[in-house]
Amino acid sequence: MKIIGINGSTRANGNTQAALQEFGRVLQLAGHEMEIIELRKMKLNPCHACGQCSGTKMCVQKDDINEIFQKLDSADGIVLASPVYFSNVTARMAMFIERTGTMFCANERCFKGKIGASIAVARRAGTNVVYAMLNYYFGIGEMPIASSRYWNNIMARDRGDYDQDEEGIKIIQTLAHNMSNMLEKLR
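Below, the structure is looked at part by part. (Residues numbered from 1 in each chain as written. Predicted model: local features only at pLDDT ≥ 70, side-chain atom pairs only at ≥ 80, totals over all residues. Heavy atoms only, no water.)

**Quick word on unusual backbone geometry**
Part 1: One non-glycine residue, N13, lies in positive phi territory at about 55°.
Part 2: With respect to the element layout, N13 can be found in the loop between β1 (2-7) and α1 (15-29).
Part 3: Not every positive phi belongs to a glycine, and R109 is a case in point at roughly 50°.
Part 4: Relative to the helices and strands, R109 is located in the loop between α3 (91-105) and β4 (115-122).
Part 5: We classify R109 as partly exposed; its relative accessible area is 26%. (Helix = DSSP H or I, 4+ residues; strand = E, 2+ residues; numbered from the N terminus. Buried < 20%, exposed > 50% of the residue type's maximum accessible area, 1.4 Å probe, protein only.)

What follows is the structure, encoded as structure tokens:
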């Protein structure tokens, strides 16, 4: 089955990327395919609330959101990952949520039934807010949410700190395993 990972970090090869790669490694071992989309590389604009995506699954803005949306629409699962920036998701992740959320709501909740999972990465605090924000996306889209043995958090500040959070790595591995089980049950 196909899973799309959305990396909301603005850093290349950072801790959020490492968490998504570990998540994807576990999914691959279970026979699933995962593609990671780096929002930092994508051109994204805020939603204009024009409503023209209703019934079309296409935004009229000239940026990368339609490409991202098509990949999400054809996926079986979605994992959203964001570092904590001032106690919330990154601005790029917020735009992604706003745009794609508006689009799937305007198109009869077309992501309904896809399995969702979230990962929050922080130096010390704010992960609960980000974890909740990412899961709201799945909740409003009528998407079942995969969980782990604890909140899906990684404690890491500088590049490479991800490897030092042994409990966090186990949480991500369990999350990927649980998402895989949910996907298999949907088959």
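**Thoughts on the packing of α3 against helix α4 (residues 127-140)**
Part 1: Interaxial distance between α3 and α4 falls to 10 Å at its minimum, and their mutual angle equals 5°. As judged from the angle between their axes, α3 and α4 are roughly parallel. Where α3 abuts α4, its residues M93, F96, I97, T100, G101, F104 and C105 lie against M133, L134, Y137 and I140.
Part 2: Broken down by class, the residue content of the contact of α3 with α4 amounts to nine nonpolar, two polar and no charged. (Axes fitted to C-alpha atoms, helices over the stretch in contact; angles between N-to-C directions. Parallel < 35°, antiparallel > 145°, perpendicular 65-115°, else oblique. Contact = heavy atoms within 4.5 Å. Nonpolar A, V, L, I, M, F, W, Y, C, P; charged D, E, K, R; others polar.)

**Focus: the pattern of salt bridges**
Part 1: A complete count under the given rule lists 10 salt bridges for this structure.
Part 2: For R25, the salt bridge goes to E22, with nearest N and O atoms at 2.7 Å. Here R25 pairs with E22, and both are found in helix α1, just three residues apart, close to one helical turn.
Part 3: Among the residues examined, E22 registers a relative accessible area of 13% and is labelled buried.
Part 4: The shortest N-O distance in the salt bridge between D158 and R157 comes to 3.9 Å.
Part 5: Residues participating in the shared-partner salt-bridge network are K2, E33, E35, E67 and K71. (Salt bridge = Lys/Arg side-chain N within 4 Å of Asp/Glu carboxyl O.)

**Let's talk about the side chain of N66**
Part 1: Structurally, N66 can be placed in helix α2 (residues 65-74).
Part 2: Leaving out residues up to four positions away in the same chain, N66 has contacts with K57, M58, C59, Q61 and M103.

**Describing the sheet that holds strand β2 (residues 33-38)**
Part 1: Spatially, β2-β1-β3-β4-β5 is the arrangement adopted by the five strands of the open sheet, whose pairing is parallel. Edge positions in the sheet fall to β2 and β5 (153-155), since each has one partner strand and no second. Put simply, the sheet's adjacent strands are angled 20° from each other on average, direction ignored.
Part 2: Relative to β4, strand β3 (residues 77-83) is paired through seven bridges, and the arrangement is parallel. By the bridge assignment for β4, S82 is matched with A120.
Part 3: Sheet strands in contact with α2 are β1, β2 and β3, and its direction is about 140° off that of β1.
Part 4: Together, β3, β4 and β5 form the strand contacts of α4, whose direction differs from that of β4 by roughly 160°. (Pairing = 2+ DSSP bridges.)

**Re the packing of aromatic side chains**
Part 1: Going through the model one piece at a time under the given rule, you end up with six aromatic pairs.
Part 2: Between the aromatic rings of Y150 and W151, the centroid separation amounts to 4.6 Å while the plane-to-plane angle is 70°, which identifies the pairing as edge-to-face.
Part 3: Overall, W151 belongs to the partly exposed group, its relative accessible area being 38%.
Part 4: Linked through ring pairs, F69, F96, F104, F111, Y137 and F138 together constitute an aromatic cluster. (Phe/Tyr/Trp six-rings, centres within 6.5 Å; stacked < 30°, edge-to-face > 60°.)

Read these as geometric descriptors, not functional statements.
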